[in-house]
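# Architecture and fold: a report
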Amino acid sequence: MTRSIPNLTLVKTIGKATDILVLGLTEAGGSPALVGASPELDRGRRDAASGVLATALGMGATSELECVVVLPAADLRVVVVGLGDADVTPERVRRAVGAALRKVSALPNVSGLTVGVSMELADPELVRAAGEGALLGCYVPQKHSRTTAEPTVAAIEVVGGGRADLKSALEAARAVGEAVCLARDWVNLPGNLLQPPVFAEQARTAVRSERITVEVLDEKALEKGGYGGILAVGGGSDAPPRLVRLEYAPRGASTHLALVGKGITFDTGGLDIKPAGQMAGMKYDMSGAAAVISAVRAIAQLGLKVRVTAYAAMAENMPSGSAYRSGDVLTMFDGQTVENYNTDAEGRLVMADAIARAGQDKPALIVDVATLTGACMVALGMRTGGLMASDDATADQVLDAAESAGEAFWQLPVTEDIRQQLKSDIADMRSGGKNRYGGALAAAAFLQRFVPDGVAWAHLDIAGPANNEDQAYGYTPKGGTGVAVRTLVELARQLSV
């Protein structure tokens, strides 16, 4: 996977090479006010900021968050974006700058632009948010064509001065922004271009420049190791499954975090096949694996003092004569047996094997990420992920990281009555509940059975926010979103302090 990411730099003032300047618009004393206007604005405009404000307001600009107006072309073209009220937060800056850069990226017949972002940013968190929003906002899904288009935006300049802490903040923004874009690229790839063996090798390539060791278990190694869940799910495909293990172990690491990601590169539902209209989008069922791989790369680039081991469980769920069946009894990696209740509940099976293997590394915390259940989408909608955890303290820790990163998760319970539904007459457990109610909770309860005693655990069900089927908004494009990458990186940062 190769993609040209715009060059992201911190500058004291807008330079002569800047093609487009992004300014904020907020309310001050009940009146609209530009945020970030400077003498550099007066290129071919004698009235400078006052003229820009009047023109923007005349074109419909407001302080409403993400309201974007592109002013008529001049020597220095100006884009004005609403920031909301004067109490600006990092997430509002991220969303506003993302919306502005998304608008710029859609401008016709231009390429190689240098975009300046000027919003009077003097706080490291706001500078980082602006950088992340800019990189994520100008993301455009790659088109598979015999011709290639030059990217609209080639460079982004964030006006903030020359302080070392601001430079570090922007470097962090670049690492995280690149990681999210990498995850988006993988999620957006068609299933025929990202089968498990290909995904595994691309994961190896993506981290080869970092201090990350990679181990790829092929189908023979999986059979030798007893990974019954991964082998069952991948058994119906001509493209064999893989388990990718990544480890980042810096000197001085104070704690150990394990990440586990679901990597179903295409999900037909297996023998319990999905209706045709529900199958086309199933290339995104590997979003969890994309998130953990990308997050580990960013964590290594940032040099965070936390040991991270990550497992990406990759398989293609296909119907064939060698496919597993509903009612099959599977022996999992840790020796527990599972009565499979539905071949379209495949994600929990590959995740269970990977979680059990991650537990052998004796981490302090396991966080798994998966597009696991439609039930979570019914409960929380398409923009909020579900969080279930071993205890409230662990849930709060992950929720704090998500809030700081600007990602939306909501805690759901794993109740005792749901656990009781996993009882089986012919195996150690069923892989799902006995009715359709509380499906997200049942899936989490199943996964928790594979977490070693005494190890904190959190489960992120990203089935809703992993893929945006609606129109783009803020810094979120249509298609793969790269959700959970920022939360995982922020969690690692907090653990490294």
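Above this note sits the structure.
Residues numbered from 1 in each chain as written. Predicted model: local features only at pLDDT ≥ 70, side-chain atom pairs only at ≥ 80, totals over all residues. Heavy atoms only, no water.

Attention now moves to the overall build of the chain. Counting its regular elements, the chain contains 14 helices and 20 strands. In terms of overall size, the chain behaves like a compact globule, its C-alpha atoms giving a radius of gyration of 24 Å where 497 residues would be expected to give roughly 23 Å. In terms of its C-alpha atoms, the chain occupies a principal-axis envelope of roughly 80 × 50 × 40 Å. Split into buried and exposed, the 497 residues of the chain put 59% on the buried side. Restricting the contact set of the chain to residue pairs at least 6 apart, pairs at least 24 apart contribute 76%. Here the chain displays about 19,800 Å² of accessible surface, and carbon together with sulfur accounts for 49% of that area. Taking the average location of the 47 positive side-chain charges in the chain and that of its 56 negative ones, the two points are 5 Å from each other. (Helix = DSSP H or I, 4+ residues; strand = E, 2+ residues; numbered from the N terminus. Rg over C-alpha atoms; globule rule 2.2 N^0.38 Å. Buried < 20%, exposed > 50% of the residue type's maximum accessible area, 1.4 Å probe, protein only. Contact = heavy atoms within 4.5 Å. Areas by Shrake-Rupley, 256 points an atom, 1.4 Å probe, with all protein chains shown as cover. Lys, Arg positive; Asp, Glu negative; His and termini not counted. Charge placed at Lys NZ, Arg CZ, Asp CG, Glu CD.)

This next bit is on the sheet that holds strand E12 (residues 329-331). The strand order across the open sheet built from three strands is E12-E13-E17, with neighbouring strands paired in mixed fashion. Across the chains shown, the open sheet's two edge strands, defined by having one partner strand only, are E12 and strand E17 (429-430). (Pairing = 2+ DSSP bridges.)

If you walk through the whole model with that rule in mind, you get 21 salt bridges. Between Arg 128 and Glu 132 there is a salt bridge, with the nearest N and O atoms lying 2.9 Å from each other. Residue Arg 128 and its partner Glu 132 are located together in helix H3 (residues 124-137), separated by four residues, close to a single helical turn. Judged on exposure class, the residue Arg 128 and its partner Glu 132 are both buried. Two residues, Glu 201 and Arg 204, come together in a salt bridge whose shortest N-O distance is 3.3 Å. Highlighted residues: Glu 201 and Arg 204, both in helix H5 (residues 196-206), separated by three residues, approximately one helical turn. Overall, Glu 201 belongs to the partly exposed group, its relative accessible area being 39%. In the salt-bridge network here, residues are joined through shared partners; they are Arg 245, Glu 247, Arg 307, Arg 357 and Asp 361. (Salt bridge = Lys/Arg side-chain N within 4 Å of Asp/Glu carboxyl O.)

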